[in-house]
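Topology and contacts: notes
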Amino acid sequence: AQSVTQLDSQVPVFEEAPVELRCNYSSSVSVYLFWYVQYPNQGLQLLLKYLSGSTLVKGINGFEAEFNKSQTSFHLRKPSVHISDTAEYFCAVSDGNQGGKLIFGQGTELSVKP
Amino acid sequence: DAGVTQSPTHLIKTRGQQVTLRCSPKSGHDTVSWYQQALGQGPQFIFQYYEEEERQRGNFPDRFSGHQFPNYSSELNVNALLLGDSALYLCASSRDFFQFFGPGTRLTVL
């Protein structure tokens, strides 16, 4: 069975500081990995995805993530955050079947302070 | 191009009632998945529909059922509502590996 663990439930950070949101997964098969962002009272928006190839994945809004197979991690990073990045971030894994279900972590609340 | 749309936006029901939530997929998408997101939790997979049939199902009781229509839109039905069914219900559509989410329906069960 697949599972996702987001290691931090809340991450407070000052504006323009770097941030890393941590995600570990477990799976017995090859996986596809995703990061989604959820702004208050909205649905989920895809930030970035890893399917194969380069382990460093770049997404929207200046975010990037690195797939580390040996450590089964897929941490999300941004070198300089903005107030507008305040949101809930979810890491998710799929079993790789076309349109396959997503297994989500519990989420990390990123709070950017001025 | 409209994205994934869901209706209604909010809904209040009482215990024991039945509810139907609706989802229209993004143009060109043929697969619809439903997720339940309880407050402070990550979304949990309920089931997925493709070609009008349930293709995958998560760990949810039979009170949760669904349907997909020939135009790929979908409904989620929940019978005998419990207080614990209060949540944000998210619909996601896809054609390949990438699921696009709608804004959700907030269900409150009193």
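Refer to the preceding data block for the structure.
Right, let's walk through the structure included here.

**A closer look at the interface of chain B and chain A**
If you look at the interface, chain B gives 21 residues, while chain A gives 21 residues. Here chain B packs against chain A, burying approximately 1,700 Å² in sum over the two surfaces, 55% of which is carbon and sulfur. Inspection of the chain B/chain A interface yields 0 salt bridges. Taken together, the links from chain B to chain A amount to 4 residue pairs in polar contact (both at pLDDT 80 or more). Those elements giving two or more residues to the side of chain B that touches chain A turn out to be β4 (31-37), β5 (44-50), β6 (53-57) and β9 (87-94) of chain B. A total of 3 residues in the side of chain B that touches chain A trace back to one element, the largest contributor, which is β9(B).

**Some words on the packing of aromatic side chains**
Two aromatic rings are characterised by how far apart their centres lie and by the angle between their planes. For the coordinates displayed, the defined rule picks out 13 aromatic pairs over all chains. Consider the rings of Phe60(B) and Phe64(B), whose centres lie 5.1 Å apart with planes at 70°: the pair is edge-to-face. What makes Phe64(B) buried here is its relative accessible area of 2%. A network of ring pairs unites the aromatic residues Phe34(A), Tyr36(A), Phe90(A), Phe104(A), Tyr35(B), Phe45(B) and Phe101(B) as a single cluster.

**Examining the side chain of Ser73(A)**
Residue placement: Ser73(A) occurs in strand β9 (residues 73-78). Excluding residues within four positions of it along the chain, Ser73(A) makes contact with Cys23(A), Asn24(A), Tyr25(A), Glu66(A), Phe67(A) and Asn68(A).

**Looking at unusual backbone geometry**
Note the cis peptide between Ser7(B) and Pro8(B), where omega equals -10°. Phi at Glu16(A) is positive, roughly 75°, even though this residue is not glycine. With respect to the helices and strands, Glu16(A) occurs in the loop between β2 (10-14) and β3 (19-21).

**Things to note about the pattern of salt bridges**
Residue and element names in this part refer to chain A. Considering all chains together, one arrives at 9 salt bridges over all chains under this definition. Between Asp8 and Arg22 there is a salt bridge, and its shortest N-O distance comes to 3.0 Å. Of this pair, Asp8 sits in the loop between β1 (3-6) and β2 while Arg22 sits in the loop between β3 and β4 (23-26), and the two are 14 residues apart along the sequence. Between Arg77 and Glu66 there is a salt bridge, with its nearest N and O atoms 3.5 Å apart. Of the two residues, Arg77 sits in strand β9 while Glu66 sits in strand β8 (residues 64-68), which places them 11 residues apart along the sequence. Accessibility expressed as a relative area gives 27% for Arg77, which makes it partly exposed. Overlapping salt bridges, with partners in common, bring together Glu20, Glu66 and Arg77 in one network.

**So, the state of the cysteines**
Working definition: the covalent bond between the sulfur atoms of two cysteines is a disulfide. Residues and elements named next belong to chain B. Applying the stated rule across the entire model yields 2 disulfides over all chains. Disulfide pairing places Cys23 opposite Cys91 at an S-S distance of 1.8 Å. Measuring handedness by torsion sign, the sulfur bridge of Cys23 and Cys91 sits at about -60° and is left-handed. Here Cys91 lies in strand β9 and Cys23 lies in strand β3 (residues 19-24), a separation of 68 residues in the sequence. Across this residue pair, the class does not change: Cys23 and Cys91 are buried.

Rules of the game
- Residues numbered from 1 in each chain as written.
- Chains lettered and ligands numbered in written order.
- Predicted model: local features only at pLDDT ≥ 70, side-chain atom pairs only at ≥ 80, totals over all residues.
- Heavy atoms only, no water.
- Contact = heavy atoms within 4.5 Å.
- Buried area = accessible area lost by both parts, 1.4 Å probe.
- Salt bridge = Lys/Arg side-chain N within 4 Å of Asp/Glu carboxyl O.
- Polar contact = N/O pair within 3.5 Å; in protein donor to acceptor, adjacent residues only side chain to side chain.
- Helix = DSSP H or I, 4+ residues; strand = E, 2+ residues; numbered from the N terminus.
- Phe/Tyr/Trp six-rings, centres within 6.5 Å; stacked < 30°, edge-to-face > 60°.
- Buried < 20%, exposed > 50% of the residue type's maximum accessible area, 1.4 Å probe, protein only.
- Disulfide = S-S within 2.5 Å.

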